[in-house]
Amino acid sequence: QVQLVESGGGLVQAGGSLRLSCAASGRTISSYNIGWFRQAPGKERSFIAAITWSSGNTAYANSVKGRFTISRDNAKNTVYLQMNSLKPEDTADYYCAADPRGGLIYIHSFSPSYWGQGTQVTVSS
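Residues numbered from 1 in each chain as written. Predicted model: local features only at pLDDT ≥ 70, side-chain atom pairs only at ≥ 80, totals over all residues. Heavy atoms only, no water.

> Got a sec to walk through the overall build of the protein chain? Specific residues and values, please.
Tallying secondary structure elements over the protein chain gives zero helices and 11 strands in all. Taken from N to C terminus, the helices and strands of the protein chain fall in the order β-β-β-β-β-β-β-β-β-β-β. At 13 Å, the protein chain has a C-alpha radius of gyration in line with the 14 Å of a compact globule built from 125 residues. Each of the three principal axes of the protein chain carries a C-alpha extent, and together these read 40 × 30 × 25 Å. Across the 125 residues of the protein chain, 42% fall into the buried class. At a minimum sequence separation of 6, the contacts of the protein chain that also span at least 24 residues come to 58%. (Helix = DSSP H or I, 4+ residues; strand = E, 2+ residues; numbered from the N terminus. Rg over C-alpha atoms; globule rule 2.2 N^0.38 Å. Buried < 20%, exposed > 50% of the residue type's maximum accessible area, 1.4 Å probe, protein only. Contact = heavy atoms within 4.5 Å.)

What follows is the structure, given as structure tokens:
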């Protein structure tokens, strides 16, 4: 079983930055791929970024490429999402997720089996 706990959401002005954290636990978490999704009001949940736990390879949605950076700290079992140059359209609930299909071969077909509870990000104009 895998547990994911997000933190770091909040209110920020457009152009500002936030860093989200996802604390992961579970016996085999190091073999997973971990990522982030977001869901804005009235919209479907959408993929943002993912990272391989073992090697740190990453994948991003085009909408956030160049502004968001996903990283991990193996010692802390934590994955981060650094969000810069935030826009009002980035306002959403952000969810950490884990895909038991770990490794580079699956990073671009990230399909989670586990989800965190979400953290809210609001970007004011």
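From this point, the discussion proceeds with the structure in view.
> Outline the nonpolar core, supporting the account with residue identities and numerical values.
Counting 30 residues, the largest nonpolar core has Ile34, Trp36, Leu81, Met83 and Tyr94 as its most contacted members. Elements represented by at least two residues in this core include exactly strand E3 (18-25), strand E4 (33-39), strand E5 (46-52), strand E7 (68-73), strand E8 (78-83), strand E9 (92-99) and strand E11 (119-124). Phe37, Ala59, Ala97 and Phe110 belong to the second-largest nonpolar core, a separate cluster that totals six residues. (Core = buried A, V, L, I, M, F, W, Y, C linked by side-chain atoms within 4.5 Å.)

> Got a sec to walk through the environment of Asp99? Specific residues and values, please.
As for its placement among the helices and strands, Asp99 is situated in strand E9. Between the alpha carbons of Asp99 and Thr52 there is a distance of 9.6 Å; along the sequence they are 47 residues apart. For Asp99, the contacting residues outside a window of four places in its chain are Tyr32, Asn33, Ser109, Phe110, Ser111, Pro112 and Ser113. Here Arg101 takes part through its backbone nitrogen, which lies 2.9 Å from a polar atom of the side chain of Asp99. (Polar contact = N/O pair within 3.5 Å; in protein donor to acceptor, adjacent residues only side chain to side chain.)

> Residue-level account of the pairing of strand E1 (residues 3-7), with values.
By the alternation rule, side chains of E1 split into Leu4 and Glu6, which are all buried, and Gln3, Val5 and Ser7, of which none is buried. Relative to E3, E1 runs antiparallel, the two being bridged by five bridges. Each bridged residue has a counterpart across the sheet, and for Val5 the counterpart in E3 is Ala23. (Pairing = 2+ DSSP bridges.)

> Go over unusual backbone geometry with me, naming the residues and quoting the values.
For Asn77, which is not glycine, the phi torsion reads 50° and is therefore positive. When you line up the elements, Asn77 lands in the loop between E7 and E8. Positive phi outside glycine occurs at Ser85, with the angle close to 50°. With respect to the helices and strands, Ser85 occurs in the loop between E8 and E9.

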